[in-house]
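Next come the chains, spelled out residue by residue.
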Amino acid sequence: MALKKVGILGCGAMGSGIVQVVLQGGYEVIVREMDQEALASGVSNVNASLEKLVKKERLTQEQKADLIKHLKGTLELEDLADCDLIIEAVFEDLETKNALFKVLDGCCRADTIFSTNTSSLSVTRMAAETSRKERFAGLHFFYPAPVMPLVEIIKTISLAPEVLQELQTFAKNLKKFPIVAKDNAGFIVNLLLTPFLLDAIRAVGNSVAGVTDIDAGIKLGLGHPVGPLMLADMIGLNLICKAADTMFEEYKDSRYAPPPLLRKMVIMGYHGLKTGKGFYDWSDSKNPVPVQLDF
Ligand SMILES: NC(=O)c1ccc[n+]([C@@H]2O[C@H](COP(=O)([O-])OP(=O)(O)OC[C@H]3O[C@@H](n4cnc5c(N)ncnc54)[C@H](O)[C@@H]3O)[C@@H](O)[C@H]2O)c1
């Protein structure tokens, strides 16, 4: 089946980036949000990001207008009924995701492929709740989706080989590099990244060194583009804590146990970039300043 129309659930940080790359891949896109305000804000972020490409002369104004013509926003789930592929990118909550898939399972064609952009939840638990276990996979983009070239395709034990192939082709059409992972908590990238970030947070909690020195050590000593504590703030400390909990539950390995400092910060609303404060103060997002907290 040639995929033509893609339905995207959620137009937040990930959803809006995914909308952009799917439009640029030449597909018809319909994006669904919860309310008019969230929809307007998501679509305006897509617009602004495309406008940046125009300014950089990587897109003409006409090309941008043509892409936008292929984008539709809606508040009605049923409007996604005729899509060939669904990409879900709403809050990281299994019940929320399952409730959406349940409705779509009832109104989409039997051959519509369902996918989730979850970073840490079980794809198996979502697929099992639908009538299309062979046509349900993880499609894990990285933030920011228009920039990061990787897509992890998560395959459950039920995924049909031809659907995996279609998703690989789809990712390549978006000019992404697909890699395939089994549906184990953390897939590939987060499985390896999470213990590293948790170790950096543990180091702060154990007063091994300050935030600036830990980040400088990893950047300048290992050549990483960004230090682990700044990266943790950018990803969202709440998301990291949730992912760590999921991995600890699955592997019962202390490397994945969220350190007490992480949990305290999440409880206090220090989620990083999104809430304006984490290990850094993001009031000026281009110039984050380490927070002076008694860690
Ligand atoms: N932020 C990241 O770095 C990152 C990276 C990869 C994957 N993810 C995953 O992507 C998903 C979305 O994350 P995000 O960072 O974009 O979150 P976000 O909070 O920025 O966006 C979520 C959006 O979903 C919308 N939403 C919630 N319930 C909805 C519903 N029932 N129908 C339609 N829209 C709904 C919200 O209004 C919000 O705009 C999560 O599963 C997350 O784990 C995040």
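As annotated in an unreviewed UniProt entry, the protein carries the name 3-hydroxybutyryl-CoA dehydrogenase and is attributed to Uncultured Desulfatiglans sp.

Re the overall build of the protein
Secondary structure assignment for the protein yields 11 helices and 10 strands. In summary, the protein has a C-alpha radius of gyration of 20 Å against a globular reference of 19 Å for 295 residues, a match within 12%. For the protein, the C-alpha atoms occupy an extent of roughly 55 × 45 × 35 Å along the three principal directions. When contacts within the protein are restricted to residue pairs at least 6 apart in sequence, long-range pairs at least 24 apart make up 63% of them. Element-wise, carbon and sulfur atoms account for 55% of the exposed surface of the protein, whose accessible area totals about 14,600 Å². Computing the positive centroid from 32 side-chain charges and the negative centroid from 36, the protein places the two 3 Å apart.

Brief notes about the site of the ligand
Around the ligand, a shell composed of 21 residues is seen, among which Arg32, Glu33, Glu92, Lys97 and Ser119 lie nearest. Arg32 has a polar side-chain atom sitting 2.7 Å from a nitrogen atom of the ligand. Contact between the ligand and Glu92: an oxygen atom at 2.5 Å from a side-chain N or O atom of the residue. The protein chains hide 88% of the 840 Å² of surface that the ligand would expose on its own. Among the elements of the structure, α1 (13-24), α4 (94-107) and β6 (136-141) are those that each provide at least two residues to the shell around the ligand.

Some points on the environment of Glu249
Relative to the helices and strands, Glu249 is located in helix α10 (residues 237-251). Along the primary structure Glu249 and Phe279 are separated by 30 residues, whereas in three dimensions their C-alpha atoms are 26 Å apart.

Comments concerning the pattern of salt bridges
Taken as a whole and judged by the stated rule, the model has 12 salt bridges. Connected through shared salt-bridge partners, Asp84, Arg109 and Asp111 make up one network.

Things to note about unusual backbone geometry
Across the junction of Tyr143 and Pro144, the peptide omega takes the value -5 degrees, indicating a cis bond. With a phi close to 65 degrees, Lys175 is a non-glycine residue in the positive phi region. Here Lys175 lies in the loop between α6 (161-173) and β8 (177-182). Classification of Lys175 by relative accessible area gives exposed; the value is 73%. At Ser207, a position not held by glycine, the phi torsion is positive, near 55 degrees. Its location among the elements puts Ser207 in the loop between α7 (189-205) and α8 (211-222). Residue classification places Ser207 among the exposed positions, given a relative accessible area of 58%.

Observations regarding α4
A rise of 1.5 Å per residue sets the reference length of α4, with its 14 residues, at 20 Å; its end C-alpha atoms lie 20 Å apart and thus fit the reference within 8%. Every buried residue of α4 is listed here: Lys97, Asn98, Leu100, Phe101, Leu104 and Asp105. Along the long axis of α4, the arc covered by the buried residues comes to 160 degrees, so they all point the same way. Those residues of α4 that are exposed and angled more than 90 degrees off the buried face are Glu95, Lys102 and Gly106.

Notes on the environment of Gly186
Checked against the element boundaries, Gly186 lands in the loop between β8 and α7. Of the residues examined, Gly186 reaches a relative accessible area of 1% and is grouped as buried. With 64 residues separating them along the chain, Gly186 and Ser122 place their C-alpha atoms 9.2 Å apart. The residues contacting Gly186, other than those within four sequence positions of it, are Leu191 and Met247.

Rules of the game
Residues numbered from 1 in each chain as written. Predicted model: local features only at pLDDT ≥ 70, side-chain atom pairs only at ≥ 80, totals over all residues. Heavy atoms only, no water. Helix = DSSP H or I, 4+ residues; strand = E, 2+ residues; numbered from the N terminus. Rg over C-alpha atoms; globule rule 2.2 N^0.38 Å. Contact = heavy atoms within 4.5 Å. Areas by Shrake-Rupley, 256 points an atom, 1.4 Å probe, with all protein chains shown as cover. Lys, Arg positive; Asp, Glu negative; His and termini not counted. Charge placed at Lys NZ, Arg CZ, Asp CG, Glu CD. Near = heavy atom within 4 Å. Polar contact = N/O pair within 3.5 Å; in protein donor to acceptor, adjacent residues only side chain to side chain. Salt bridge = Lys/Arg side-chain N within 4 Å of Asp/Glu carboxyl O. Buried < 20%, exposed > 50% of the residue type's maximum accessible area, 1.4 Å probe, protein only. Expected span 1.5 Å × (residues − 1). Arc of directions from axis to C-beta.

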